[in-house]
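# Structural description and commentary
Residues per chain, in single letters:
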Amino acid sequence: MLLAFTEQGSGPVVVLLHGFPLSRVMWAEQLKTLSESYRVIAPDLRGHGESPAPDAAYTMDLMADDVVELLDGLGVSEPVVVGGLSMGGYVALAMALKHPGRVRALMLIDTKAAADSPEAAQTREETAQAVLKAGNSGAVVAAMIPKLFGKSTRELHPDRIEPLKADMEKTSASGVAGALRGMAIRPDRREQLAEIAVPTLVIVGEDDVIAPPAEARAMAEALPNGRLEVVPDAGHLAPYENPNAVDQAILGFLQGLN
Ligand code: MLT
């Protein structure tokens with residue numbers, strides 16, 4: 001699968017994987033800041049942004065394979081830093097476990113290692129069917145918007161919500177359904193965290209209600225080389241809601257890598 005992507009800067013490679021049902025648009029601030037010292041590659045995962053949206057369940061392994069294929073196509077064979085937000089974090093974990101030789105360090109942002117409960121998986125399937133029937137992502141966007149942003153974004157920067165809402169609305173019904181079905185069958189990775197030896201920065205917005213700080217803390221503690229950063233004034237979209245704090249945390253982490 002040929003993914004659409006943005007590439008900016010030069011130096012060690014940092015790959016950024018967006019959340020559901022977003023696109024690489026959410027990384028605009030990180031692309032600007034990190035590309036001063038790094039080669040930042042931000043793809044649109046399958047079904048999202050400008051990438052193709054086949055009718056299928058997009059498993060996390062499949063999406064990780066897509067990212068490896070993109071790196072191969074760009075001639076990047078050395079291990080890279082992979083960061084992912086929420087669904088992007090599920091893909092980053094899949095990549096670290098399936099393609100360990102390609103990952104030099106991980107950044108798990110507003111994400112979790114646990115699988116869906118049977119009820120959550122069932123709700124995803126019902127939502128996938130509703131979205132396919134409607135032919136657009138409206139139902140998912142309406143359900144997610146109240147949960148995505150933290151209190152300070154909602155109260156102090158409500159103007160920042162609309163651009164991402166518009167981005168989510170562009171995601172096709174088949175893309176939304178494919179991602180929902182893939183996330184519903186993703187494995188529980190909690191036991192496998194112990195196998196991930198690479199340095200890992202776990203970042204979470206203090207007001208994240210989708211992947212809450214308690215889950216981030218548990219993940220950081222289960223990782224042999226994990227470190228936790230809780231970001232103030234942010235919900236589930238910490239890199240977008242509080243880019244300065246997230247960029248500082250990321251730069252500190254990247255500079256500490258050998
Ligand atoms: C995301 O932000 O990627 C989603 O909230 C992930 C999910 O639905 O599990």
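The coordinates are above.
These numbers come from a predicted model, not from an experiment.

Let us now look at the layout of surface pockets. In this structure, the largest pocket spans a volume of roughly 590 Å³. If you go around the largest pocket, you meet 23 residues; those closest to its centre are R124, M144, K147, L180 and I210. Among the secondary structure elements, those contributing two or more residues to the lining of the largest pocket are α3 (87–98), α4 (118–134), α5 (138–148) and α8 (173–184). When residues in the lining of the largest pocket are grouped by element, the largest group, five residues, is from α5. Taken together, the residues of the lining of the largest pocket sort by class into 13 nonpolar, five polar and five charged.

Turning to the side chain of R186, a few remarks are in order. Within the secondary structure, R186 sits in the loop between α8 and β6 (200–205). Within the structure, the side chain of R186 is placed 2.6 Å from the side chain of D116, a separation counted as a polar contact. A polar side-chain atom of R186 sits 3.0 Å from the main-chain carbonyl oxygen of M183. The residues touching R186, leaving out its near neighbours within four places in the chain, are M60, Y90, K112, A114, A115, D116 and R124.

The environment of the ligand is formed by G19, F20, S86, M87, Y90, R124, M144, M183, I210 and H236. A distance of 2.6 Å is found between an oxygen atom of the ligand and a side-chain nitrogen or oxygen belonging to Y90. Protein burial of the ligand: of its 270 Å² of free accessible surface, 93% is covered by the chains. Taken atom by atom, the bulk of the ligand overlaps the largest pocket. The class makeup of the residues in the shell around the ligand is six nonpolar, three polar and one charged.

In the contact formed by α4 and α8, the axes pass within 9 Å of each other and the chain directions differ by 170°. Between α4 and α8, the angle is such that the two are roughly antiparallel. The handedness of the crossing between α4 and α8 is left-handed. Each of A121, R124, E125, T127, A128, Q129, V131 and L132 in α4 lies in contact with α8, whose residues at this interface are A173, S174, V176, A177, L180, R181, M183 and A184. Here the contact of α4 with α8 is composed, by residue class, of ten nonpolar, three polar and three charged.

With that settled, the discussion passes to the nonpolar core. Of all hydrophobic cores here, the largest spans 83 residues; its most connected members are F20, M87, L106 and M107. Considering every element that reaches this core, the biggest residue donor is α3, with eight residues.

What follows is about the sheet that holds strand β7 (residues 226–231). Pairing is mixed across the open sheet formed by seven strands, whose spatial order is β1-β3-β2-β4-β5-β6-β7. In this open sheet, the two edge strands, each paired with only one partner strand, are β1 (5–8) and β7. Neighbour-to-neighbour, the strand axes of this sheet turn through a mean angle of 15°, independent of strand direction. Here six bridges tie strand β4 (residues 80–85) to strand β5 (residues 103–109), and the two strands are oriented parallel to one another. Pairing of L85 across the sheet is with I109, part of β5. Of the strands in this sheet, β2 (13–17), β4, β5, β6 and β7 touch helix α11 (residues 243–255), which is tilted by about 170° from β6.

This next bit is on the pairing of β4. Of all six residues making up β4, six are buried, and the element is well covered by its neighbours. Side-chain alternation along β4 places V80, V82 and G84 on one buried face and V81, G83 and L85 on a second face that is also buried. Two strands pair when backbone bridges link them, and β2 and β4 are joined in this way by four bridges, in the parallel orientation. The partner of V15 across the bridge, within β4, is V82. What joins β4 to β5 is α3, and the crossover it makes is right-handed.

Turning our eyes to something else, we now look at the packing of helix α2 (residues 60–73) against α3. Two elements in contact, α2 and α3, have axes whose closest approach is 8 Å; the angle formed by their N-to-C orientations is 75°. What the angle tells us is that α2 and α3 run roughly perpendicular. Contact residues: α2 offers M60, D61, M63, A64, D65, V67, V68 and L71, while α3 offers M87, Y90, V91, A94, M95 and K98.

So, about α5. Those residues of α5 not exposed but buried are V140, V141, M144, I145 and L148. Each buried residue of α5 lies within a common arc of 125° when the element is viewed along its axis, so the set occupies one face. Those residues of α5 that are exposed and angled more than 90 degrees off the buried face are A142 and P146.

So, how was this worked out
- Residues numbered from 1 in each chain as written.
- Predicted model: local features only at pLDDT ≥ 70, side-chain atom pairs only at ≥ 80, totals over all residues.
- Heavy atoms only, no water.
- 1 Å grid on protein atoms, 1.4 Å probe; cavity = no way out; pocket = protein on both sides within 12 Å on 5 of 7 lines; lining within 4 Å.
- Points joined across faces, edges and corners; volume = space filled by probe spheres on them.
- Helix = DSSP H or I, 4+ residues; strand = E, 2+ residues; numbered from the N terminus.
- Nonpolar A, V, L, I, M, F, W, Y, C, P; charged D, E, K, R; others polar.
- Polar contact = N/O pair within 3.5 Å; in protein donor to acceptor, adjacent residues only side chain to side chain.
- Contact = heavy atoms within 4.5 Å.
- Near = heavy atom within 4 Å.
- Areas by Shrake-Rupley, 256 points an atom, 1.4 Å probe, with all protein chains shown as cover.
- Sits in = over half its atoms within 2 Å of the grid points.
- Axes fitted to C-alpha atoms, helices over the stretch in contact; angles between N-to-C directions.
- Parallel < 35°, antiparallel > 145°, perpendicular 65-115°, else oblique.
- Left-handed = near helix turned anticlockwise from the far one by under 90°.
- Core = buried A, V, L, I, M, F, W, Y, C linked by side-chain atoms within 4.5 Å.
- Buried < 20%, exposed > 50% of the residue type's maximum accessible area, 1.4 Å probe, protein only.
- Pairing = 2+ DSSP bridges.
- Right-handed = clockwise from strand over helix to strand, strands pointing away.
- Arc of directions from axis to C-beta.

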